[in-house]
Amino acid sequence: MNRKYRKTLIAGNWKMNKTPSETKAFMTELKAILPRGRWCDIALCVPSVCIPAAVRATRDTRVGIGAENCNANASGAYTGEISTSMLVDAGCKYVIIGHSERREMGETDAEVNAKTLAALNAGLIPIVCCGETLEQRESGITEEWITMQIKLALAGISEDKIRKVVIAYEPIWAIGTGKTATPEQAEEVCQHIRTVVRKLFGSKNARATTILYGGSMNDKNAYELLAQPDIDGGLIGGASLVPEKFVKIIEDANQPTT
Ligand code: PEP
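Residues numbered from 1 in each chain as written. Predicted model: local features only at pLDDT ≥ 70, side-chain atom pairs only at ≥ 80, totals over all residues. Heavy atoms only, no water.

Enquirer: Describe the packing of aromatic side chains, listing the residues and the values that go with them.
Expert: Across all of its chains, the model carries two aromatic pairs by this definition. For K18, the ring lying beneath its charged end belongs to W14, and the centroid distance is 5.6 Å. (Phe/Tyr/Trp six-rings, centres within 6.5 Å; stacked < 30°, edge-to-face > 60°. Lys NZ or Arg CZ within 6 Å of the ring centre and 35° of its normal.)

Enquirer: Please give an account of helix α8 (residues 183-201) that cites residues and values.
Expert: Across its 19 residues, α8 extends 26 Å between first and last C-alpha, which sits within 8% of the 27 Å expected from 1.5 Å per residue. Of the positions making up α8, those classed as buried are P183, A186, E187, V189, C190, H192, I193, R194, V196, V197 and F201. G202 sits one or two positions beyond α8 and adopts a positive phi of about 90°. (Helix = DSSP H or I, 4+ residues; strand = E, 2+ residues; numbered from the N terminus. Expected span 1.5 Å × (residues − 1). Buried < 20%, exposed > 50% of the residue type's maximum accessible area, 1.4 Å probe, protein only.)

Enquirer: Tell me about the sheet that holds strand β6 (residues 166-169), and please be specific about residues and values.
Expert: Judged by pairing direction, the barrel is parallel, and its eight strands sit side by side in the order β1-β2-β3-β4-β5-β6-β7-β8 before closing back on the first. For this sheet, the mean angle separating the axes of adjacent strands, direction not counted, is 25°. Pairing analysis gives four bridges linking strand β4 (residues 94-97) to strand β5 (residues 125-130), with the strands arranged parallel. By the bridge assignment for β5, I97 is matched with V128. The sheet contacts of α8 involve β5, β6 and β7 (210-214), and relative to β6 the element is tilted by about 145°. (Pairing = 2+ DSSP bridges. Axes fitted to C-alpha atoms, helices over the stretch in contact; angles between N-to-C directions. Contact = heavy atoms within 4.5 Å.)

Enquirer: Explain the packing of helix α1 (residues 20-33) against helix α2 (residues 51-58) residue by residue, including any values.
Expert: Two numbers describe how α1 lies on α2: the axes approach to 8 Å, and their chain directions differ by 25°. Relative to α2, the element α1 is oriented roughly parallel. The crossing of α1 and α2 is right-handed. Of the residues in α2, those touching α1 at P20, T23, M27 and K31 are A53, A54, A57 and T58. Residue composition of the contact of α1 with α2, by class: five nonpolar, two polar and one charged. (Parallel < 35°, antiparallel > 145°, perpendicular 65-115°, else oblique. Left-handed = near helix turned anticlockwise from the far one by under 90°. Nonpolar A, V, L, I, M, F, W, Y, C, P; charged D, E, K, R; others polar.)

Enquirer: Would you mind going over the site of the ligand in detail, with residue names and values included?
Expert: In the vicinity of the ligand there are 14 residues, among which K15, E170, G176, S216 and G237 approach most closely. For the ligand, an oxygen atom lies 2.8 Å from a polar atom in the backbone of G237. For the ligand, whose free accessible area comes to 290 Å², the fraction covered by protein is 95%. Considered class by class, the residues forming the shell around the ligand number four nonpolar, eight polar and two charged. (Near = heavy atom within 4 Å. Polar contact = N/O pair within 3.5 Å; in protein donor to acceptor, adjacent residues only side chain to side chain. Areas by Shrake-Rupley, 256 points an atom, 1.4 Å probe, with all protein chains shown as cover.)

Enquirer: Could you give an account of the packing of helix α7 (residues 142-153) against α8, with specific residues and numbers?
Expert: A packed helix pair is summarised by two numbers, namely the angle formed by the two axes and the spacing between the axes. The N-to-C vectors of α7 and α8 enclose an angle of 45°; their axes lie 10 Å apart at closest approach. The orientation of α7 relative to α8 falls into the category oblique. When you trace α7 past α8, the crossing you get is right-handed. In this structure, α7 uses T142, E143, I146, T147, I150 and K151 to contact α8, whose residues at the interface are V189, H192, I193, V196 and L200. For the contact of α7 with α8, the per-class residue count stands at six nonpolar, three polar and two charged.

This is how it looks when you write it as structure tokens:
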């Protein structure tokens, strides 16, 4: 991480876990042990039905609430979908876009791009995910794949908006598997992502872009991952469901500025 040039963000992704009542109980526990220091931004992206409970419970804290998906259209006949303006009105600050679990359900790069643009227009901070499969890594095409995903996801974003985008590198083989990328593997790809952003948006914007690592990050391995120069935080699934583990990761982000 490099706190001099960019924000550190520790973000949780609850996926399809916790009810609204469990959300309230979680936030009460979290608030009791949340560190007072302000060395990083904190986000919790929760299931849509939990957003009101999460927003209410964190109103007097510095935890920002996010959604796990959005629809790129402003409104209309899209049964079951949720627009970015609905998320803003509900109190969201963040939205995860292009998570591999949604891509697995058929989300395309074009949709990821449209959702990213819609989120930015609504004033949300998009956490845009990219990542390779184990097969792609083993065939040596990780960099090409990530370059393509980033170029497509960020197409059409204006120079004044790019700094609002958070990019999350999440190797698919490491998500929910307990197999974390080594700090060197994670750093290599996050550094590559910064190079791609530099080519697209210039070096000042690349230096200011927050890039997260996600994939079995937990209270045991976070410090070393976060110590890498191009890893500015984490997108955390399983470990964000347990207040003590999530707080330990937040504490691990309190590292000397390089
Ligand atoms: C995720 O859901 O984005 C994730 C990284 O999950 P986990 O931490 O459980 O691997």
